[in-house]
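Understanding the architecture of this molecule
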Amino acid sequence: MKRYCYTLDLKENERLKREYINHHKKVWPEILKSIKSSGILNLEIYNVNYRLFMLIETEDKFDENKKKKMDSVNPFVQKWETKMWEYQKKIPGSKNGEKWVKLNRIFNLD
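Here the residue numbers are simple positions, counted from 1 along each chain's written sequence. Reporting in this predicted model follows two pLDDT cut-offs: at least 70 for local features of residues, and 80 or more for side-chain atom pairs to be given and counted; totals over whole chains, interfaces and linings ignore these cut-offs and use all residues. Heavy atoms from the whole structure form the basis of all side-chain values; hydrogens and water molecules are not counted.

1. Observations regarding the overall build of the chain
Rules: Helix and strand assignments follow DSSP, with helices taken as H or I runs no shorter than four residues and strands as E runs no shorter than two, numbered in order from the N terminus. Computation of the radius of gyration draws on C-alpha atoms alone. For the globule rule, the value is 2.2 Å times the number of residues to the power 0.38. Note on classification: 1.4 Å probe, protein chains only; a residue is buried when its accessible area is under 20% of the maximum for its type, exposed when over 50%, partly exposed between these limits. By the convention used here, residues are in contact when the closest approach between their heavy atoms is within 4.5 Å. For accessible areas, the Shrake-Rupley method is used with a probe of radius 1.4 Å. Any residue's cover is judged against the shown protein chains and nothing else. In this count, Lys and Arg are taken as positive residues and Asp and Glu as negative ones, while His and the chain termini are left out. Note on charges: their place is set at NZ of Lys, CZ of Arg, CG of Asp or CD of Glu.
Scanning the chain from terminus to terminus reveals 4 helices and 5 strands. The secondary structure elements of the chain, listed N-terminal to C-terminal, are β-α-α-β-β-α-α-β-β. Against the 2.2 N^0.38 benchmark of 13 Å for 110 residues, the chain shows a C-alpha radius of gyration of 14 Å, consistent with a compact globule. Dimensions along the principal axes, computed over C-alpha positions, put the chain at roughly 40 × 35 × 30 Å. Split into buried and exposed, the 110 residues of the chain put 34% on the buried side. Across the chain, the fraction of contacts at a sequence separation of at least 24, relative to all contacts at a separation of at least 6, is 74%. On the chain, roughly 8,000 Å² of surface is accessible, and the fraction owed to carbon and sulfur atoms is 53%. With 24 positive and 16 negative side-chain charges, the chain shows a spacing of 3 Å between the two charge centroids.

Structure, rendered in structure tokens:
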């Protein structure tokens, strides 16, 4: 199994934050299907204030680039991402077009 961690910020607005969280209580079935069909076994999103943290666990054969390509041609994923961008903002230092920024592991107890 592979594990990926990402971070992203929400716009600093309590109403928008609540709406974003509520959207994730009822994620569209097409989005869930897309996630599962890509080889993602588990996906969790956490927040503190306006910072988000996403943990993804995948099959060993999972390929991030293949997932990005799949998402780019899926109209449901594109509509969902456009909607979510109403609530999200770029992290300082992120690249153009980059929303979720991949975190580098700097410690492991093992």
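2. Focus: helix 4 (residues 75–84)
We apply this condition: What the arc describes is the spread of directions from the helix axis to the C-beta atoms. Two N or O atoms form a polar contact when they lie within 3.5 Å of each other; inside protein one atom must be a possible hydrogen donor and the other a possible acceptor, and for residues adjacent in sequence the pair counts only when both atoms belong to side chains.
Looking only at helix 4, the buried set comprises V77, W80 and M84. Taken down its axis, helix 4 places every buried residue within 65° of arc, on the same side. More than 90 degrees from the buried face of helix 4, the exposed residues found are P75, K79 and T82. Where helix 4 is buried, its residues touch helix 1 (14–23), helix 2 (29–37), helix 3 (64–72) and strand 4 (88–89). Where helix 4 begins, the capping side chain belongs to N74, and its oxygen is found 2.8 Å from the backbone nitrogen of F76.

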